[in-house]
Amino acid sequence: MPTISLTAKNYRGTYVSFNTTAPVLLEVSWLELMTASLTLGFQKWPEVATTGFPFWFHRMGLGMSATAYLREDSSSWHLDPAYASLDLSEKAAMSYWQGMIFCKIAAARHLDVPWLANVDDMRSKGQLRTSGTTKSRGDLVGRDRADAYHVIEAKGRSQRVEAGLIEHAKDQAAAISSINGSTPSTTSACISKLWKCPIEVLLDDPPTDGDDKIKLSFKEESLWSWYYYGIINYIQENSVRPQQKWWLSKVDKPSGYLWAILSDWPQAPWRFLLAPHFEGSFWAIGLPTRVVETPSAAREYTFSNNNTAHSSDNKSLFVASDHVALLRADF
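These numbers come from a predicted model, not from an experiment.

> Explanation requested: the overall build of the protein in the structure shown.
A tally of regular secondary structure across the protein gives 10 helices and 17 strands. The proportion of buried residues among the 331 residues of the protein is 56%. Look at the contacts in the protein between residues 6 or more apart in sequence, and 69% of them connect residues 24 or more apart. On the protein, roughly 14,600 Å² of surface is accessible, and the fraction owed to carbon and sulfur atoms is 50%.

Quick look at the structure:
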């Protein structure tokens, strides 16, 4: 399976074990890339229902486009040479989303932070309050399995890391000094070096004297409802129809899950436009029934089921540590 390279440094105290003495190679499947993209980008179904066809190219399409210029070989993920043909604005958008995807994977796999929430999006939806209006703050607030909060500022670069980028990212993360009255356990810069082979991800948590100090506050249940709301809504509105159950029965999958079809792409008249990973495939997304019913049960479900991210040998299933599952069947 192809890998990415991860380096972590400057973690202290309880988290000193996160530091790496040498780059760590993480095996990452294509399904894991797509699952991370979906978790970060899924929207409530009513918000996208009126857009129809464009939704698949925008929201799931974010994952499609982000992976369109990624290539895998037997040992590594790397940028496709065709990436050079994109103009600067396209590269900026692509590297931003790829940086977010690799940050999501690194946080879950290395920092044991399965749940990452977008600060600006939670704020825009009235689910989070800030003590200031500056946007110079970390992109993401994370929750780990021990109920500690973490802040991450994600950056993706396709050519080089410019001078001062890491320090700037760190200052942005450190600008958040309090989450629900507690100091964040870590405030990390996550830099994805997309031009490397394999792609390199740096997690850096050095001390900083960031000038802006921002306090975040939100109700406990808001984090869980924000994190899962789009997928839960989609599953509830698009439950598996009887004629679709036959192919679900052909794929090994975890028990106790509810599923919704993302698309029956083999039947789509435009299927010839799809990337090789999509052509001839049925796709479904799933969550444990308990999490669908009560999103805040996600943490308890983690402990009671000891769930960890994994891919099946036939590459048809990926279940992430946040319990989001992506299922694929080829016909």
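> Quick question: what am I supposed to make of the sheet that holds strand β9 (residues 176–179) here?
Strand pairing within a sheet occurs via backbone hydrogen bonds; the two strands may be parallel or antiparallel. The strand order β6-β12-β9 describes an open sheet built from 3 strands, whose pairing is mixed. Among the strands making up the open sheet, the edge pair consists of β6 (129–130) and β9. Here 3 bridges tie β9 to strand β12 (residues 214–217), and the two strands are oriented parallel to one another. Directly across from isoleucine 179, in β12, lies its bridge partner leucine 216.

> Is there a simple way to think about the environment of leucine 165 in this case?
Mapping leucine 165 onto the fold places it in helix α6 (residues 165–174). The buried category is assigned to leucine 165, whose relative accessible area is 5%. Sequence spacing of leucine 165 and lysine 155 is 10 residues, and the spatial spacing of their C-alpha atoms is 8.6 Å. Not counting residues within four places of it along the chain, the set of residues in contact with leucine 165 comprises Lys155, Arg157 and Ile191.

> Could you clarify how one ought to interpret the confidence of the model for the protein in this entry?
Detailed reading of predicted coordinates is not advised where the pLDDT is low. Across the protein, the average pLDDT comes to 81, with 79% of residues at 70 or higher. Per-element confidence in the protein ranges from a low mean pLDDT of 48 for helix α2 (residues 45–49) to a high of 97 for strand β1 (residues 3–9). Predicted confidence is poor over residues 48–57, with pLDDT under 50, and the contacts of this stretch with residues over four places away or in other chains come to 14 contacts. Low confidence marks residues 265–275, where pLDDT is under 50. Its contacts with residues over four positions away, or in another chain, come to 17 contacts.

> Looking at this structure, I do not really get the sheet that holds strand β2 (residues 24–27). What am I missing?
The mixed open sheet is built from 7 strands, whose spatial order is β2-β1-β11-β10-β8-β7-β5. In this open sheet, the two strands that pair with only one neighbour each are β2 and β5 (115–118). Looking at each pair of strands side by side, their axes are set apart by 30 degrees on average, direction ignored. Sheet topology note: the strand β7 (residues 140–143)/strand β8 (residues 149–157) ladder contains 4 bridges and is antiparallel. Bridged to valine 141 within β8 is valine 151. Sheet strands touched by helix α4 (residues 88–109): β1, β2, β5, β7, β8, β10 (186–193) and β11 (200–204). Its angle to β8, the strand with the most contacts, is close to 140 degrees. Taken strand by strand, helix α7 (residues 220–237) contacts β5, β7 and β8, and its axis lies near 90 degrees from that of β5.

> Would you mind showing me how to read the pattern of salt bridges here?
Between side chains of opposite charge, a pair can form when the charged atoms approach closely. All told, the structure shown has 13 salt bridges when counted by the stated rule. For arginine 157, the salt bridge identified is with glutamate 162, shortest N-O distance 3.1 Å. Judged by its relative accessible area of 22%, arginine 157 is partly exposed. For glutamate 162, a relative accessible area of 28% gives the class partly exposed. Of the charged contacts, one joins aspartate 205 and lysine 170 as a salt bridge, the two residues approaching to 3.0 Å between their closest N and O atoms. With aspartate 205 in the loop between β11 and β12 and lysine 170 in helix α6, the pair connects residues that are 35 residues apart, well separated along the chain. The class for lysine 170 is buried, based on a relative accessible area of 1%.

What counts, and at which threshold
Residues numbered from 1 in each chain as written. Predicted model: local features only at pLDDT ≥ 70, side-chain atom pairs only at ≥ 80, totals over all residues. Heavy atoms only, no water. Helix = DSSP H or I, 4+ residues; strand = E, 2+ residues; numbered from the N terminus. Buried < 20%, exposed > 50% of the residue type's maximum accessible area, 1.4 Å probe, protein only. Contact = heavy atoms within 4.5 Å. Areas by Shrake-Rupley, 256 points an atom, 1.4 Å probe, with all protein chains shown as cover. Pairing = 2+ DSSP bridges. pLDDT = per-residue confidence, 0-100. Axes fitted to C-alpha atoms, helices over the stretch in contact; angles between N-to-C directions. Salt bridge = Lys/Arg side-chain N within 4 Å of Asp/Glu carboxyl O.

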